[in-house]
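# Remarks on the overall topology
As a plain string of letters, each chain reads:
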Amino acid sequence: MFGDVQEGVPGAAATAKGPISTSELPGGVRLYRLLPDGSIVLADRDGARDLGPERDLLRFIDDGQFAHYLVGDAATSPERPSNATVKLGVVGPRSAFTPHAHGGEHFVLSLGYASCGLYDADRDRVTEVPLTPGELIRIPEMMPHSFANRDTSPLTILAANTGYGIDHEDYAITAPEADRRAAGAADGTVAPPGSTGTLARTDYLALAAALRDIERVQRLRGPGVTTVRERLAARLRRLAHRLEGPA
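Residues numbered from 1 in each chain as written. Predicted model: local features only at pLDDT ≥ 70, side-chain atom pairs only at ≥ 80, totals over all residues. Heavy atoms only, no water.

Turning our attention to the overall build of the protein chain. What the protein chain contains, in helices and strands, is four helices and 14 strands. Counting only residues that meet the buried cut, the protein chain has 44% of its 247 residues in that class. Taking as baseline every contact in the protein chain between residues at least 6 positions apart, the subset at least 24 positions apart corresponds to 66%. Accessible surface for the protein chain amounts to roughly 13,200 Å². Of this, 55% is attributable to carbon and sulfur atoms. (Helix = DSSP H or I, 4+ residues; strand = E, 2+ residues; numbered from the N terminus. Buried < 20%, exposed > 50% of the residue type's maximum accessible area, 1.4 Å probe, protein only. Contact = heavy atoms within 4.5 Å. Areas by Shrake-Rupley, 256 points an atom, 1.4 Å probe, with all protein chains shown as cover.)

Encoded structure:
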């Protein structure tokens, strides 16, 4: 349903590859697949299901129209803002971001062939989740992760997150920054003034170690590659784009 998932141990090559088992996803991670027929499938550690009006969708202006909030909720207003940002990103061919953790939760929609390496603290390992066009992933706040473009063409993503713009010091905390923060406290837990919630409770020594585990896996495996089927699908998608354009 959602491609392949790879589980690994820090510093080692992939130990398994096969159809995704939702039970292998780290806690708090959610995957959404936007299907051509207009349906949406949601997967998390508890399994996969279609989004439906019974439990997931709200009435959206008119009867028969539906909405599902990712950031904020139906009560969001100027008096109760969601404090969210939404942006387009372009990731270079066969490249990856430096592993990092965000101060707020992130939702990333892949419009190409990506790979997200997630540190699963419960299992003490790095899990890699390949993404194809139309798949959206939720990354919880302060979860160490990487994000890569597996294709030879630039990758466009749509990213929404709570709380932070890219210039904020807590937007993307890398291993060197986690080390710097850990050095400011004997127990390794120190956050910038005004930090609240998960940030205020973060063990920065453990965060730096987890990010370096992802770096080691990234050096061994690289950004990943597209499969033969994915390359064929990309050609068909380009053909469809031309057919949908002006005659």
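Read on for the rest.
So, about a nonpolar patch on the surface. Taken together, the side chains of Leu232, Leu236, Leu239 and Leu243 make up a nonpolar region of the molecular surface, amounting to roughly 420 Å² of accessible area. Looking at where Leu232 falls in the secondary structure, it is placed in helix α4 (residues 228-244). (Patch = residues over 30% accessible without salt bridge, like charges linked within 9 Å, V, L, I, M, F, W, Y side chains within 5 Å. Salt bridge = Lys/Arg side-chain N within 4 Å of Asp/Glu carboxyl O.)

Another point: a positive patch on the surface. On the surface, a cluster of positive charge is contributed by Arg231, Arg235, Arg238 and Arg242. Looking at where Arg242 falls in the secondary structure, it is placed in helix α4. (Lys, Arg positive; Asp, Glu negative; His and termini not counted. Charge placed at Lys NZ, Arg CZ, Asp CG, Glu CD.)

Structurally, Phe107 is set in strand β9 (residues 106-110). A relative accessible area of 1% places Phe107 in the buried class. As for Phe107 and Ile139, which are separated by 32 residues in sequence, their C-alpha atoms are 6.3 Å apart. For Phe107, the residues in contact, after removing those within four places along its chain, are Arg30, Tyr32, Leu70, Val71, Leu136, Ile137, Arg138, Leu158, Ala159 and Ala160.

This part is about the pattern of salt bridges. Here the structure, examined in full by the defined rule, presents 16 salt bridges. Across the pair Glu24 and Arg125 runs a salt bridge, and its minimum N-O distance is 2.2 Å. Here the residue Glu24 occupies a position in the loop between β2 (16-19) and β3 (30-34), and Arg125 occupies one in strand β11 (residues 125-131), the gap between them amounting to 101 residues. Of the charged contacts, one joins Glu105 and Arg138 as a salt bridge, the two residues approaching to 2.8 Å between their closest N and O atoms. A residue pair is termed long-range when its members are at least 10 positions apart, and Glu105 in the loop between β8 (84-91) and β9 and Arg138 in strand β12 (residues 135-139) qualify at 33 residues.

This part covers the sheet that holds strand β4 (residues 40-44). A sheet is described by the order of its strands in space; here seven strands give the open sequence β5-β4-β3-β12-β9-β14-β8, paired in antiparallel fashion. Pairing within the sheet leaves two strands with one partner each, and these edge strands are β5 (47-50) and β8. Adjacent strand axes in the sheet meet at a mean angle of 20° when their direction is disregarded. (Pairing = 2+ DSSP bridges. Axes fitted to C-alpha atoms, helices over the stretch in contact; angles between N-to-C directions.)

If you walk through the whole model with that rule in mind, you get one cavity of 30 Å³ or more. Taken as a whole, the largest cavity holds about 80 Å³ of empty space. Every residue lining the largest cavity is counted, 13 residues in all, and those nearest its centre are Glu128, Ser146, Ala148, Gln218 and Gly222. Within the residue set of the lining of the largest cavity, elements represented by two or more residues are β10 (114-120), β11, β13 (145-149) and α3 (204-221). (1 Å grid on protein atoms, 1.4 Å probe; cavity = no way out; pocket = protein on both sides within 12 Å on 5 of 7 lines; lining within 4 Å. Points joined across faces, edges and corners; volume = space filled by probe spheres on them.)

Residues Leu31, Leu118, Leu131, Ile137 and Phe147 are the most contacted members of the largest nonpolar core, which totals 18 residues. At the level of secondary structure, the elements contributing two or more residues to this core comprise β10, β11, β12 and β14 (155-162). Ignoring anything within four residues of it in the chain, the contact list for Leu118 reads Pro26, Val29, Arg125, Val126, Thr127, Val129, Ile137, Ile139, Met143, Pro144 and His145. Judged by nonpolar contacts, the second largest core, of 13 residues, contains Ala101, Ala178, Leu207 and Ala208. (Core = buried A, V, L, I, M, F, W, Y, C linked by side-chain atoms within 4.5 Å.)

The subject of this paragraph is the confidence of the model for the protein chain. Put simply, the protein chain has an average pLDDT of 86, and 86% of its residues get 70 or more. Of all helices and strands in the protein chain, the one with the weakest mean pLDDT is β2 (39), whereas β12 scores best (97). The model gives residues 8-19 a pLDDT under 50, and that stretch makes 31 contacts with residues more than four places away or in other chains. (pLDDT = per-residue confidence, 0-100.)

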